[in-house]
Amino acid sequence: MRLDRPFPLATQAIMSDASPAAEPATPLSAALSSPLSSPLSSPLSSPLSSPLSSPIACDIFCAVIDNFGDIGVCWRLARQLAGEHDWQVRVFVDDLHAFQKLCPSLELDRARQTVEGIVVEHWHAPTHAGDTIEVADVVIEAFGCELPPIYVAAMAQRERAPVWLNLEYLSAEDWVADFHLRPSPHPRFALTKTFFFPGLGPGTGGVLKEQQLDADHAAFDDSPSARETWWLQATGRPAPPATATVVSLFAYENPAVDSLLEQWRDSADPIVLLAPEGRISGALARFFDLPSFAAGACAERGNLTAHSLAFTEQSGYDALLWASDVNFVRGEDSFVRAQWAAKPFVWHIYPQADDAHLPKLDAALAHYGSTLPAAANDALARFWHAWNGVGQPDWAEFQRHREALQTRAVEWAAELAHVGDLAGNLASFAKSQLK
Ligand code: TRH
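Not measured: the values here are computed from a predicted model.

Criteria and cut-off values
- Residues numbered from 1 in each chain as written.
- Predicted model: local features only at pLDDT ≥ 70, side-chain atom pairs only at ≥ 80, totals over all residues.
- Heavy atoms only, no water.
- Near = heavy atom within 4 Å.
- Polar contact = N/O pair within 3.5 Å; in protein donor to acceptor, adjacent residues only side chain to side chain.
- Helix = DSSP H or I, 4+ residues; strand = E, 2+ residues; numbered from the N terminus.
- Nonpolar A, V, L, I, M, F, W, Y, C, P; charged D, E, K, R; others polar.
- Domains from an automatic or database assignment.
- Axes fitted to C-alpha atoms, helices over the stretch in contact; angles between N-to-C directions.
- Parallel < 35°, antiparallel > 145°, perpendicular 65-115°, else oblique.
- Contact = heavy atoms within 4.5 Å.
- Pairing = 2+ DSSP bridges.
- Buried < 20%, exposed > 50% of the residue type's maximum accessible area, 1.4 Å probe, protein only.
- Lys, Arg positive; Asp, Glu negative; His and termini not counted.
- Salt bridge = Lys/Arg side-chain N within 4 Å of Asp/Glu carboxyl O.

Any chance you could explain the site of the ligand here in plain terms?
Near the ligand you find 23 residues, and of these Gly 69, Tyr 252, Thr 312, Asp 333 and Ser 334 are the closest. One of the side-chain nitrogen or oxygen atoms of Tyr 252 is found 2.5 Å away from an oxygen atom of the ligand. Arg 330 places a polar side-chain atom, nitrogen or oxygen, 2.8 Å from an oxygen atom of the ligand. Those elements that provide at least two residues to the shell around the ligand are α3 (69-85), α11 (314-323) and α12 (333-341). The biggest single contributor to the shell around the ligand is α3, with three residues. Considered class by class, the residues forming the shell around the ligand number ten nonpolar, seven polar and six charged. Of the residues that make up the shell around the ligand, three or more belong to each of domain 1 (28-207 + 420-434) and domain 2 (213-417).

The following block contains the structure:
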């Protein structure tokens, strides 16, 4: 519920977070007294109804660093909060082009639009906070993107301070549980920002999982016609024979891919590779000696058949994971989706300077491989390290442990579900603060 009355930004001359010298600003007291900004005072006098008596309003701010995961996580969270918790959700996002890749119905030239009941504001400048300042009950600052100063100042003016959450990047490291839900007082305003840490273990915020996901997955697995339809739509061909191993490949550029393609080419059993067009497509084109490997392309060498797939809208990505036997995923959101798909998977972690990503990789392996037989756990770790720049991948060894990896994948999906879905955990915490 938005307690504040919208008022034209032009009358807003609130001291920004920037130093006063940085921009001419009417002191807040003057802004409050001027008749034009009287709506600003309305929150101070509006009757306080419990925010829980009407839909909770939530603003999510997302600055896309690169790739698709920032907006991928925010959009999935927004859809869950709106669809499963009936929140009024507004997403401020700066890069509509990245967003449109996973949400094709988004229009690139609109400052504001509604998609699936969610208001999408083009966050066209760091200081932009919409044509009017309407502070929500819950404000989610995704991945430390820094809220517009004018919005923070308006948060401080709100009769009931909003629940302000900093949604962190996912990490499987143990320290995450110690920092999850830690409050951080604002240096100047009577506001508190709470750090919300996703995670793979107890005591963290968990990871996103739609309530309908398991049912949708089971329906796909139980319907040969649904699978056949998917194969024809995705590749133009029927599903391959059961003797083939189907591999999905969503990765950054990766020097290990050349060796893996050769191993797949020389594999004793047929390999069908499904690669959404993207950063790995250049390597596939070179391997098949093609000028490009765009969506719709198909090529064969030895026992390897590769299809380049069109980038689907976000809800369509899961079916690729369900249709495959082994999933190569990357970043954060597809990494989580592979865990829910309950198939053996290989993670191309978002590379960081000085190999800072490797401890994060090992932390995830520690959770995921903890109950694997030692030989299978070692093989998985070697393969994940090779896929992340340390050593050479050994596909035959990975395949030798496929049965143990498949058993573990199913177990892990159940264990991860016990941590609770991130959207539900976040909604519960926010409501506990709004009482
Ligand atoms: O695209 P990414 O590499 O995003 C990265 C990571 O999130 C990383 O943690 C972050 O620091 C960096 O961005 C800034 O990988 P990720 O996280 O898997 O996001 C991809 C999104 O794209 C995910 O939501 C799934 C979606 N997707 C589709 O919607 N359709 C598709 O066809 C494919 C292949 C993916």
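Before we go on, may I ask you to explain the packing of helix α7 (residues 213-222) against helix α8 (residues 224-235) in this structure?
At a minimum axis separation of 5 Å, α7 and α8 run at an interaxial angle of 90°. In terms of orientation, α7 lies roughly perpendicular with respect to α8. Counting all contacts with α7, which are made through Phe 220, Asp 221 and Asp 222, the residues of α8 involved are Pro 224, Ala 226, Arg 227 and Trp 230. In the contact of α7 with α8, the residues fall into four nonpolar, no polar and three charged.

Whenever I open this one, the sheet that holds strand β8 (residues 192-196) confuses me. Can you help?
Strand pairing in a sheet relies on backbone hydrogen bonds, with the paired strands running either antiparallel or parallel. An order of β3-β4-β2-β1-β5-β6-β8-β7 is seen for the eight strands of this open sheet, with the pairing classed as mixed. Each edge of the sheet is formed by a strand with only one pairing partner; in this case those strands are β3 (112-115) and β7 (182-185). Across the sheet, the mean angle separating the axes of adjacent strands is 25° when strand polarity is ignored. Here five bridges tie strand β5 (residues 138-142) to strand β6 (residues 163-167), and the two strands are oriented parallel to one another. Bridging across to β6, Ala 142 finds its partner in Leu 167. Contacts from α3 reach β1 (57-62), β2 (88-93), β3, β4 (118-122), β5 and β6, with the element oriented near 170° to β1.

Please explain the side chain of Asp 421 as it appears in this structure.
Positionally, Asp 421 belongs in the loop between α16 (402-418) and α17 (422-434). This buried residue, Asp 421, is left without a salt bridge; Arg 337 holds the nearest opposite charge, at 7.6 Å. Side-chain polar atoms of Asp 421 contact the backbone nitrogen of Gly 424, separated by 2.8 Å. Those residues in contact with Asp 421 that lie beyond four places of it in its chain are Gln 80, Gly 205, Val 207, Leu 208 and Lys 209.

Where do I start with the pairing of strand β11 (residues 298-301) in this structure?
Walk down a regular strand and you will see the side chains alternate between the two sheet faces. As defined by bridge partners, β11 adjoins strand β12 (residues 304-309) across four bridges and the pair is classed as antiparallel. From the neighbouring strand, Cys 298 faces β12, where its bridge partner is His 307. The hairpin turn running from β11 into β12, its antiparallel successor, is two residues long, and Gly 302 in that turn takes a positive phi close to 60°.

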